Amino acid sequence: MYTQTRLSKRGSTYYFRAMIPKPLQAHFGKKEIVYSLRTKDRQEASRLVRQASAKLDAEFETIQKPIKPANQQLTVLDEATVGGICDLWRYQCLEGDVWYRIQGFTDDEYEQRQADHAQTIESLREILAKGRLERIQPALSQFLALIGVEFCGDPEDQRKLAWTFLEAVIDTHLAVMQRDHGEVVATPPAPHIRIGKKTESLVPQGRAGSIRGKTLKDCFELWKDRRANRPQKTVAAYWAALEGFISFAGTKVVSDYSEECVYAYIDNLLKQGEHDPHTIAKNIGFLRSIFNAAKKRLKLSGNPFSEIEVPGLDVYKVRRLPLSHDDLKTLFASTVFQQSGMKRGGGGAAAYWLPLLSLFTGARLEELGQLYVTDVKREKGIWYLDITDIIENDVLKQSHPKRLKSPSARRNIPLHPQLIQTGFLDYLAAIKAEKHTRLFPLLKADCKGDITGNFSKWWSRYRRRIGVGSKLKTFHSFRHTFKDAMREAEIDVMVANRLMGHKDDSMGGHYGLGHSLRVLDLAMKKIDYPDLVIPSYKLLIADHREKRQ
């Protein structure tokens, strides 16, 4: 036994082990919950146990208190009503079982489920054999409360209902065990229950799809499908936020989550101290978006994440810092800009041009890395970058996909005179002559599909090596530096937003076609980084070739 509550160890693997309160043992069909945490690391196991304990305690609390006031009272039970209640239990259990199987089980989870099911059926059969109906009564009462029904009739009728309910529970459990052995067991249709002269569904409002799989994970699928080609990194971040919440609150019908549940989750995260308020707020925003994506489709009345305020957000936290003048001098005096400009880990010439382009355009790293050669255009004597994710060629769309953060990111950015002077158009001509599609053909996408994912890792290592080591100074700092340069040049805010690809939410921003290329070019020419010396790319390459010879 270990000092960490509910943490045990078998061999080298840690397990979660929790005793079930006696009043709830009939509901769970066993005395304790045991499963592998699938880790040999003590620190990780302690973290997982804290999450599992919070989730289980919340489940215990929910089960032990009425879910909601009964909206239907029964004083007399006929066979049709009793049969309907039992059919509804069977339907919910079997439909929920299908959902879990669709998610898939690991070998350890499958073995644990089989062991749990065997233990549960043994307990249920003992209750049936000995007529210990008081042990099934908590589960029955909880289920009736769940569907909004209260029985106020004769105690003998109550025991008859409990007996029939117990038979249904055993029968349903055996059906689940058949599925464990690979047998096909059909889920019955959702039943309607006859109460007096009325026949109606007792599946709670907003739940009809509940047991049909309408959980937060289904909302996630709806969110993902609303927009084609979502970045894998974004999908992974939203999924991680979803799993974190479900690990605490449990898998429920979407309509069962409340603001109280969300605040309990936030309080738990803050107590653990592993996440700062800004990270928690970001994840709550992800969950809000997931829920909103399904709101219309599932006809939900509200969103429990919509009005949530995370404590501590009023404390300002610096996320990124712009690069100082000394940082820029250090950068442009480093090997990439002084020797060859060709670093294999940095995608060849991309190591030279991506920092410069970001510094003089303010564009995001992925926006620049995914540029086609044809995205560098000229109109009325003005050279510019066409930042877009609209690709008319279907073959190109499949072989060289592009994506942007938002629709407002589609924009034209005039080339700063410094870029042309440094030799960018010479580089463009060379890439065109080699008949490449991408402007930076040596960039290789990472496992998440980001064309600049590997470059970003290389850049972090490189900047630390040359002495720009602050964690708050990343590649994105070029964008902050460009923003500050626009402020220094007193560029109009609406023009600055257009160059940065930010949405203009002002009233005036909704009128007209936006700023012309000429206006943007005039603004770009005002941007200046005084006393910054940047080696010419053309001379750099010539020097590199001479040394190789």
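Read on for an overview of the structure. (Residues numbered from 1 in each chain as written. Predicted model: local features only at pLDDT ≥ 70, side-chain atom pairs only at ≥ 80, totals over all residues. Heavy atoms only, no water.)

1. Examining the sheet that holds strand 9 (residues 382–387)
Strand order in the open sheet formed by three strands is 8-9-10, with antiparallel pairing between adjacent strands. The open sheet has two free edges, formed respectively by strand 8 (376–379) and strand 10 (411–414), since each of these has just one partner strand. Along the sheet, successive strands turn relative to each other by an average axial angle of 40 degrees, direction set aside. Inspection of the sheet shows strand 8 paired to strand 9 by four bridges, in the antiparallel sense. Directly across from valine 376, in strand 9, lies its bridge partner leucine 385. (Pairing = 2+ DSSP bridges. Helix = DSSP H or I, 4+ residues; strand = E, 2+ residues; numbered from the N terminus. Axes fitted to C-alpha atoms, helices over the stretch in contact; angles between N-to-C directions.)

2. Structural notes on a positive patch on the surface
There is a patch of like positive charges on the surface, built from Lys448, Lys457, Arg461, Arg464, Arg465 and Lys471. Judged by relative accessible area, which is 74%, lysine 471 ranks as exposed. (Patch = residues over 30% accessible without salt bridge, like charges linked within 9 Å, V, L, I, M, F, W, Y side chains within 5 Å. Areas by Shrake-Rupley, 256 points an atom, 1.4 Å probe, with all protein chains shown as cover. Salt bridge = Lys/Arg side-chain N within 4 Å of Asp/Glu carboxyl O. Lys, Arg positive; Asp, Glu negative; His and termini not counted. Charge placed at Lys NZ, Arg CZ, Asp CG, Glu CD. Buried < 20%, exposed > 50% of the residue type's maximum accessible area, 1.4 Å probe, protein only.)

3. With respect to the layout of surface pockets
Estimated volume of the second largest pocket: approximately 1600 Å³. Lys233, Thr234, Arg364, Lys405 and His476 are the residues nearest the centre of the second largest pocket, which is lined by 40 residues in total. Taken together, the elements giving at least two residues each to the lining of the second largest pocket come down to helix 8 (232–249), helix 10 (277–298), helix 14 (365–369), helix 18 (453–466) and helix 19 (477–488). Of the residues forming the lining of the second largest pocket, the biggest block, six residues, is contributed by helix 18. Classifying every residue of the lining of the second largest pocket gives 10 nonpolar, 10 polar and 20 charged. (1 Å grid on protein atoms, 1.4 Å probe; cavity = no way out; pocket = protein on both sides within 12 Å on 5 of 7 lines; lining within 4 Å. Points joined across faces, edges and corners; volume = space filled by probe spheres on them. Nonpolar A, V, L, I, M, F, W, Y, C, P; charged D, E, K, R; others polar.)

4. As for a negative patch on the surface
A cluster of acidic side chains, namely Glu259, Glu260, Glu307 and Glu309, defines a negative patch on the protein surface. With respect to the element layout, glutamate 260 can be found in helix 9 (residues 259–272).

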